[in-house]
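One-letter residues, chain by chain:
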There are 2 protein chains.
Amino acid sequence: MQQKTLSSNLRNKKVVDLHAAKVACKECSLHQLCLPRSINGSDLEKLDNIIERKKPLKRNEHLFQVGSSFHSIYVVRSGSLKTYSPTVDGQEQVTGFHLPGELLGLDAIGKGRHPCAAKALETTSVCEVPFENLEGLSQELPTLQYQLLRLMSKEIFDDQELMLLLGKKTAEARLSAFLLSISLRFKQRGFSSIEFYLSMSRNDIANYLGLAVETVSRMFTRFQEDGLIEAERKHIILKDRENMRQIAGMNECCNETSAKDSQQII
Amino acid sequence: MQQKTLSSNLRNKKVVDLHAAKVACKECSLHQLCLPRSINGSDLEKLDNIIERKKPLKRNEHLFQVGSSFHSIYVVRSGSLKTYSPTVDGQEQVTGFHLPGELLGLDAIGKGRHPCAAKALETTSVCEVPFENLEGLSQELPTLQYQLLRLMSKEIFDDQELMLLLGKKTAEARLSAFLLSISLRFKQRGFSSIEFYLSMSRNDIANYLGLAVETVSRMFTRFQEDGLIEAERKHIILKDRENMRQIAGMNECCNETSAKDSQQII
DNA sequence: GTATAGAATTGACATTTATCAATTATGACT
DNA sequence: AGTCATAATTGATAAATGTCAATTCTATAC
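Worth saying up front: this structure is predicted, and the values here are computed from it rather than measured.

### Quick word on the overall build of chain A
And step 1. When helices and strands are counted, chain A shows 9 helices and 11 strands.
And step 2. Expressed as a percentage of its 266 residues, the buried residues of chain A come to 55%.
And step 3. In chain A, once contacts between residues fewer than 6 apart in sequence are set aside, the share between residues at least 24 apart is 72%.
And step 4. Roughly 12,100 Å² of accessible area belongs to chain A as shown, and the carbon and sulfur atoms make up 49% of that amount.

Below you can see the structure in the form of structure tokens.
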């Protein structure tokens, strides 16, 4: 949404520069989020050595395709991506959205191939962590090994939450839970949790939540009528999160306090 | 279903004896399934040393409760369990069924507490693997570390499959996929893949699949009318798996060949 | 064997959400 | 600025599934 003027081109340029500069993890703007507190200085250097920074992806470019062989996991530095897998009938199933500081690729370790594709929703920059190196390094650094297990466990847990959502909740509960989830994840990265831009289309949201686009659209409208949110396309302001939590049917384990340190990266 | 005669009591007795015997992993009937081919003899002994065998659970007994602190992962030796978590409205959400050779507890690593409870669906015997030991041991045995990551990755992948099922599929596709999944998992353990007993109730199935019991019941009836299965309560015979795969809308990645070595333990 | 509680099935009806169709809005490109 | 393709919204209708209620079946206890 920011690339129609010259100044925005400059901004894009800057992202590229950031890449070229090969900033170390220490200086990375996501440093605090991106690294567990438990890793100390020298360990951090070791970790830094194995991390590769890639050229930013433009909107709709793929980070990896379905079935491509697995050698790295990725961390989002800026921007966002969706992961999706093809279904029999040629459709796609959106399996997740990935915001800054979040991981992709853990589901590929098992089979050595990516079971889903990852596509940038906007200009997006990621760190690549070659798995072989990571595995080797985690032999030396027990903390790292534990962090890795912890992250994967977190992902299993999150997926179960989502299964609950998909299996048992109404359309309004699903959308409500979705918005709160995004809100929380932004908050964890230091962004506003009450006002944000959704980088994904209504179609992607609907797909992810197992609903028809039309239903999602109607729910957005209803939420506005009910004063729960203000929404202008992708620009969202949450007006009544307490009520939304009720609607989402969330239990304590999903509120802000408990999830505070989730998705810490490597 | 087999405990109304004296002979069946004897059979139950035998399970208990099996426990008392404290058989080593090497002699465990699940040996091949339970251990990766890549671990050699001496490594196997090390692994065996940290595994504890527990007293079998009776039907409806809990292996662990929601929120209980995590110290072990478990492998089903015989019998079966369901995992479930409470929802806000006091209901329960069944998150999975666990057949012999399959794992429980990986979702607890992240927070150090079990996010769900595990209850035996029948007389059930499990191996307990203390996580701290496992973690330490996997420093020494890189293969073990990789197996652990691989298993967790598999679980993430499987959950995503289920999400697809819950989000996009009709009731008949869900039940069809469920039966084929059970069938496959039995096959992987050397049991018949076309005739088996379901240890879980229709209620549990419905809950797991995000459907009403009545819907599940009707689908069982319809499947019989259509000649897809023969079903007498929990006793199921699959008559036309090819057709069921069509109905389930399964893509190649879910068929028998590709999933053959899934859920190998530790 | 009989009684009883829970599980499973079946039918009637209500509700939710998907589908189809039409319209409007937005963003990208010339 | 104007055009076009795509995304988003809205309305009308249909289909799938949930809910409620009644009945039958099964397993367990007595």
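### Focus: the protein's contact with DNA strand C
And step 1. The immediate surroundings of DNA strand C are formed by 18 residues, with Ala171(A), Thr215(A), Ser217(B), Thr221(B) and Arg233(B) found nearest.
And step 2. For DNA strand C, the backbone makes up 68% of the atoms found within 4 Å of the protein, where backbone means sugar plus phosphate.
And step 3. A distance of 2.3 Å is found between a phosphate oxygen of DNA strand C and a side-chain nitrogen or oxygen belonging to Thr215(A).
And step 4. Take Arg218(B): an N or O atom from its side chain is 2.9 Å from a base nitrogen of DNA strand C.

### Quick notes on the sheet that holds strand E7 (residues 117-120) of chain A
All names here are of chain A.
And step 1. Pairing is antiparallel across the open sheet formed by 4 strands, whose spatial order is E2-E7-E4-E5. Of all strands in the sheet, those with a lone pairing partner are strand E2 (62-64) and strand E5 (92-98), marking the two edges. Averaged over neighbouring strand pairs, the angle between their axes works out to 30 degrees when direction is ignored.
And step 2. Of the pairings in the sheet, the one linking E2 to E7 comprises 2 bridges and is antiparallel in character. Paired with His-62 across the bridge in E7 is Lys-119.
And step 3. Packing against the sheet, helix H7 (residues 202-209) makes contact with strand E4 (81-86) and E5, and its axis sits at approximately 105 degrees to E5.

### Some details on the protein's contact with DNA strand D
And step 1. As a structural note, the neighbourhood of DNA strand D is formed by 18 residues, with Arg218(A), Thr221(A), Arg233(A), Ala171(B) and Thr215(B) the closest of them.
And step 2. Taking all atoms of DNA strand D within 4 Å of the protein, the share assigned to sugar and phosphate is 67%.
And step 3. Separating a sugar or linking oxygen of DNA strand D from a side-chain N or O atom of Arg233(A) is a distance of 3.1 Å.
And step 4. Within the backbone of Ala171(B), one N or O atom sits 2.6 Å away from a phosphate oxygen of DNA strand D.
And step 5. Of all the secondary-structure elements, those providing two or more residues to the surface near DNA strand D are H7 and helix H8 (213-225) of chain A together with helix H8 (213-225) of chain B.
And step 6. The greatest single-element share of the surface near DNA strand D, amounting to 4 residues, is contributed by H8(A).
And step 7. Of the residues that constitute the surface near DNA strand D, the class distribution is 3 nonpolar, 7 polar and 8 charged.

### Some words on the packing of aromatic side chains
The way to describe two aromatic rings as a pair is by their centre distance and the angle between their planes.
And step 1. Under the counting rule described, the total for this entry stands at 14 aromatic pairs over all chains.
And step 2. Considering the side-chain rings of Phe186(B) and Phe191(B), the 6.0 Å spacing of their centres and the 80 degrees angle between planes classify their relative orientation as edge-to-face.
And step 3. Its guanidinium or amino end placed over the ring of Phe220(A), Arg202(A) lies 3.9 Å from that ring's centre, counting from NZ or CZ.
And step 4. Its end group placed over the ring of Tyr84(B), Lys82(B) keeps NZ or CZ at 5.4 Å from the ring centre.

### With respect to the sheet that holds strand E10 (residues 229-232) of chain A
Residue and element names in this part refer to chain A.
And step 1. With antiparallel pairing, the 3 strands of this open sheet are ordered in space as E9-E11-E10. Strand pairing shows two members of the sheet lacking a second neighbour, strand E9 (195-197) and E10, which therefore form its edges. Neighbour to neighbour, the strand axes of the sheet diverge by 15 degrees on average, direction disregarded.
And step 2. In this sheet, strand E11 (residues 235-238) lies alongside E9 in antiparallel orientation, the contact comprising 3 bridges. When the sheet's bridge partners are listed, Tyr-197 is paired in E11 with His-235.
And step 3. On the sheet, H8 packs against E10 and E11 and is oriented at approximately 130 degrees with respect to E10.

### Some thoughts on the pairing of strand E8 (residues 125-130) of chain B
All names here are of chain B.
And step 1. In terms of burial, E8 is a largely internal element, 6 of the 6 residues being buried.
And step 2. Alternating residues of E8 divide into Ser-125, Cys-127 and Val-129 and Val-126, Glu-128 and Pro-130, and every residue in both groups is buried.
And step 3. Pairing of strand E3 (residues 72-78) with E8, which is carried by 6 bridges, proceeds in the antiparallel orientation. Each bridged residue has a counterpart across the sheet, and for Tyr-74 the counterpart in E8 is Glu-128.

### A few points about the environment of Leu165(B)
All names here are of chain B.
And step 1. If you trace the backbone, Leu-165 turns up in helix H5 (residues 142-168).
And step 2. With 85 residues separating them in the primary sequence, Leu-165 and Met-250 have C-alpha atoms 9.8 Å apart.
And step 3. In this view, Leu-165 contacts Ala-173, Arg-174, Ala-177 and Leu-209; residues no more than four positions away in its chain are not counted.

### Quick look at the relation of the copies chain A and chain B
And step 1. Between chain A and chain B, which share one sequence, the superposing operator has a rotation angle of 180 degrees and an axial displacement of 0.0 Å; the RMSD is 0.0 Å. As the rotation angle and translation indicate, the two copies are arranged about a two-fold axis.
And step 2. Most of the interface of chain A is mirrored in chain B, where 100% of its interface residues again form contacts.

### Some words on the interface of chain A and chain B
And step 1. On the chain B side, the residues contacting the 43 residues of chain A number 43 residues.
And step 2. Roughly 4,200 Å² of surface becomes buried between chain A and chain B when both sides are summed, with 60% attributable to carbon and sulfur atoms.
And step 3. Taken together, the connections running from chain A to chain B amount to 0 salt bridges.
And step 4. Summed over the shared surface of chain A and chain B, the result is 12 residue pairs in polar contact (both at pLDDT 80 or more).
And step 5. Breaking the side of chain A that touches chain B down by element, the ones donating at least two residues are E5, helix H4 (131-140) and helix H5 (142-168) of chain A.

### Things to note about the packing of H7(A) against H8(A)
Residues and elements named next belong to chain A.
And step 1. At a closest axis distance of 8 Å, the pairing of H7 and H8 adopts a crossing angle of 105 degrees. Compared by their axis directions, H7 and H8 come out roughly perpendicular. In this structure, H7 uses Arg-202, Asn-203, Ile-205 and Ala-206 to contact H8, whose residues at the interface are Val-213, Val-216 and Phe-220.
And step 2. Of the residues in the contact of H7 with H8, the class split is 5 nonpolar, 1 polar and 1 charged.

Rules used throughout
Residue numbers here run from 1 along each chain, matching the order of that chain's written sequence. Whichever chain is written first is A, and whichever ligand is written first is 1; the rest continue in order. In view of the model being predicted, local features appear only for residues whose pLDDT reaches at least 70, and side-chain atom pairs are presented and counted only at 80 or more, with totals across whole chains, interfaces and linings using the full set of residues. Note that water and hydrogens are dropped before the side-chain values are worked out from all heavy atoms of the structure. Secondary structure follows DSSP: runs of H or I at least 4 residues long count as helices, runs of E at least 2 residues long count as strands, and numbering of each begins at the N terminus. Residue exposure (1.4 Å probe, protein chains only): buried if accessible area is under 20% of the type maximum, exposed if over 50%, otherwise partly exposed. Contacts are residue-level and defined by heavy atoms, with any inter-residue pair within 4.5 Å sufficient. With residues, only the protein chains shown are counted as cover, and all accessible areas are computed by Shrake-Rupley using a 1.4 Å probe. Consider each residue's heavy atoms; a residue with any of them within 4 Å of a molecule or strand counts as near. Whenever a nitrogen or oxygen atom comes within 3.5 Å of another N or O atom, the pair is scored as a polar contact, on the condition that within protein one atom can donate a hydrogen and the other can accept it, and that pairs from neighbouring residues in sequence are kept only if both atoms are in side chains. Strand pairing is assigned whenever DSSP detects at least two bridges linking the two strands. The axes are straight lines fitted to the C-alpha atoms, using for helices just the contacting stretch, and the angles between their N-to-C directions are given from 0 to 180°. Residues are sorted three ways: Asp, Glu, Lys and Arg are charged, Ala, Val, Leu, Ile, Met, Phe, Trp, Tyr, Cys and Pro are nonpolar, and all the rest, Gly among them, are polar. Here the aromatic set is Phe, Tyr and Trp, taking the six-membered ring for Trp, and pairing holds for ring centres within 6.5 Å; pairs whose planes are under 30 degrees apart are stacked, those over 60 apart are edge-to-face, and all others are tilted. In this scheme, the term charge over a ring applies when either NZ of a lysine or CZ of an arginine sits within 6 Å of the ring centre and within 35 degrees of the ring normal. The superposition of copies rests on a least-squares fit of C-alpha positions from residues with pLDDT of 70 or more in both. Summed over both partners, the accessible surface that disappears when two parts come together, traced with a 1.4 Å probe, is what is meant by buried area. Put simply, a salt bridge is a Lys or Arg side-chain nitrogen that is within 4 Å of an Asp or Glu carboxyl oxygen. Relative orientations are named as follows: roughly parallel for angles under 35 degrees, roughly antiparallel for angles over 145 degrees, roughly perpendicular for angles from 65 to 115 degrees, and oblique for any other angle.

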